[in-house]
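Each chain is listed here by its residues.
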Amino acid sequence: MTVSISTDHHEGLVAVIATGGTIASQRDETGAAKPSLSGENLLSGLGGEISLKPVELMATDSSSLTISDMQAISDAVAKELADPAVRGVVVLHGTDAMEETSLLVHLQHSLSKPVIFTGAQFTADNPQSDGPGNLQAAIAAAADASNSDKGVLISFGGKLLTVWGLYKRSADDPDAFDLADPEICPQSATLSAPVHTVRVDIVAIYPGCEATHIDASLAAGAKGIVLSALGSGNANARIVEAVQRCCDRNVPVVVSSRVPVGRLVAGYGGGGGGHDMGNVGAVHSTTLRPGQARILLACLLAASASRDNIARAFNDFCD
């Protein structure tokens, strides 16, 4: 079904894929916010000159998305990109996992049309609702052919950002997102193999932690592990020993950081630093933080990438 803001379709449609999230949520009688508005609901109140095609995919809080759900969103984007009547794609998505799903779409598709993610920090029935403004801006960006060669973008809080290194910086500010390194935006590697069966776990590192959770991930069948490490990617000697165990079992370990901004360099020794983890086989993620590192590693594992190719990818695809 097409919601036509303009009766002239010769310049094509913008497909708007609804997946749920705060932008589609209203509070119920208990005060809990839940996705309750369809894509058509959200588009019906817009004005403008662009013809829109709502695609009702799912109605889910992004905190509840599985990697299979993210793959379904990526597949839905591919379907719309293949439609010659579609000039661009907008994905309505919850902010909790927007950085992950948007990166998956970026990695899996070589774009010839704009793909823009957006959402909201405030529910649709909130007096401060930011959803309509974000949606209008995203539609305009998706209709602009000059955005087709920039990879997947997010339109949020008045900014248009690339997704490489994207992270959510605030839980309650309309300007919700930023970049770990604004200078880096590799083009899509077209890692198109589906990731829905690839398990990659994230393990949090903190001062004095043991390797219990790494070993539990190994026992549970994780195919890869991302460490949300300290500083520029540091831990302790127990974690280094666990990384060695993972590498001995051909389970790649990627070291990211709980610090949101800055490039990671594996420079520290002392028995538990990033340099030590590299010596036993871990790969440092130069730019991507843990959530996005998980997605990239899943894509690489689905593609049966070698360790050298994994290391290159996490160095922002630089040799």
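Residues numbered from 1 in each chain as written. Predicted model: local features only at pLDDT ≥ 70, side-chain atom pairs only at ≥ 80, totals over all residues. Heavy atoms only, no water.

(A) Representation of the overall build of the protein chain in the model. In terms of helices and strands, the protein chain carries nine helices and 14 strands. Over its C-alpha atoms the protein chain spans a radius of gyration of 20 Å, differing by no more than 12% from the 20 Å that the globule rule assigns to 319 residues. Distance from the positive charge centre (21 side chains) to the negative charge centre (34 side chains) of the protein chain: 6 Å. (Helix = DSSP H or I, 4+ residues; strand = E, 2+ residues; numbered from the N terminus. Rg over C-alpha atoms; globule rule 2.2 N^0.38 Å. Lys, Arg positive; Asp, Glu negative; His and termini not counted. Charge placed at Lys NZ, Arg CZ, Asp CG, Glu CD.)

(B) Quick peek at the pattern of salt bridges. Going through the model one piece at a time under the given rule, you end up with eleven salt bridges. The shortest N-O distance in the salt bridge between Arg263 and Asp181 comes to 3.3 Å. Here Arg263, found in the loop between β13 (253-257) and α7 (274-279), pairs with Asp181, found in the loop between β10 (177-179) and β11 (200-204); they are 82 residues apart in sequence, far enough to count as distant. Through salt bridges with shared partners, a single network forms among Lys53, Glu80 and Asp83. (Salt bridge = Lys/Arg side-chain N within 4 Å of Asp/Glu carboxyl O.)

(C) View of the packing of helix α5 (residues 212-220) against helix α6 (residues 237-248). Viewed as axis vectors pointing N to C, α5 and α6 meet at an angle of 15°, and their least axial separation amounts to 9 Å. Between α5 and α6, the interaxial angle falls into the category roughly parallel. Every pair of crossing elements has a handedness; the one defined by α5 and α6 is left-handed. Residues Ile214, Asp215 and Leu218 of α5 form the contact with α6, whose participating residues are Ile239, Ala242, Arg245 and Cys246. Split by residue class, the contact of α5 with α6 holds five nonpolar, no polar and two charged. (Axes fitted to C-alpha atoms, helices over the stretch in contact; angles between N-to-C directions. Parallel < 35°, antiparallel > 145°, perpendicular 65-115°, else oblique. Left-handed = near helix turned anticlockwise from the far one by under 90°. Contact = heavy atoms within 4.5 Å. Nonpolar A, V, L, I, M, F, W, Y, C, P; charged D, E, K, R; others polar.)

(D) Summary view of the nonpolar core. Residues Val115, Ile154, Leu296 and Phe314 are the most contacted members of the largest nonpolar core, which totals 53 residues. Looking at which element gives the most residues to this core, the answer is helix α8 (residues 290-302), with seven residues. Sequence-distant contacts of Leu296, defined by excluding residues within four places in its chain, comprise Leu103, Leu107, Trp164, Leu191, Leu288, Ala313, Phe314 and Phe317. Leu218, Ile239, Cys246 and Ala282 belong to the second largest nonpolar core, which has 22 residues in total. (Core = buried A, V, L, I, M, F, W, Y, C linked by side-chain atoms within 4.5 Å. Buried < 20%, exposed > 50% of the residue type's maximum accessible area, 1.4 Å probe, protein only.)

(E) Representation of the sheet that holds strand β5 (residues 86-92). Spatial strand order, β4-β1-β5-β6-β7-β8: six strands in an open sheet with mixed pairing. Two strands in the sheet have a free side with no partner beyond their single neighbour: β4 (52-60) and β8 (159-162). Looking at each pair of strands side by side, their axes are set apart by 25° on average, direction ignored. Note: strand β1 (residues 13-20) against β4, six bridges, orientation parallel. When the bridges of β4 are listed, Ile17 appears paired with Val55. Each of β6 (115-118) and β7 (153-156) is contacted by helix α3 (residues 98-108), which is oriented at about 170° to β6, the strand it contacts most. Contacts from helix α4 (residues 131-142) reach β1, β4, β5, β6, β7 and β8, with the element oriented near 150° to β5. (Pairing = 2+ DSSP bridges.)

(F) Representation of the state of the cysteines in the model. With the rule as written, the count across this model stands at zero disulfides. Between Cys209, a cysteine without a disulfide, and Cys246, which holds the nearest cysteine sulfur, the sulfur-to-sulfur distance is 13 Å. Assessed through its relative accessible area of 1%, Cys209 is described here as buried. Counting only cysteine sulfurs, Cys247 is the nearest neighbor of Cys246, a cysteine outside any disulfide, at a range of 6.6 Å. (Disulfide = S-S within 2.5 Å.)

(G) Molecular detail of unusual backbone geometry. Phi at Ser304 is positive, roughly 55°, even though this residue is not glycine. Looking at where Ser304 falls in the secondary structure, it is placed in the loop between α8 and α9 (307-314). One non-glycine residue, Asp316, lies in the positive phi region at around 60°. Secondary-structure assignment places Asp316 in the segment after α9.

(H) The arrangement of the pairing of β11 in detail. In the sheet, β11 pairs with strand β12 (residues 224-229) via five bridges, with the strands oriented parallel. Considered in β12, the bridge of Ala204 is made with Ser228. One crossover worth recording links β11 to the parallel β12 by way of α5, and it is right-handed. (Right-handed = clockwise from strand over helix to strand, strands pointing away.)

(I) Spatial organisation of the sheet that holds β12. Strand order across the open sheet formed by four strands is β11-β12-β13-β14, with parallel pairing between neighbours. Two strands bound the open sheet, and with one partner strand each, they are β11 and β14 (283-284). Note that β12 and β13 share five bridges and pair parallel. Bridging across to β13, Ser228 finds its partner in Ser256.

Spatial relationships are all this shows, so hold off on functional conclusions.
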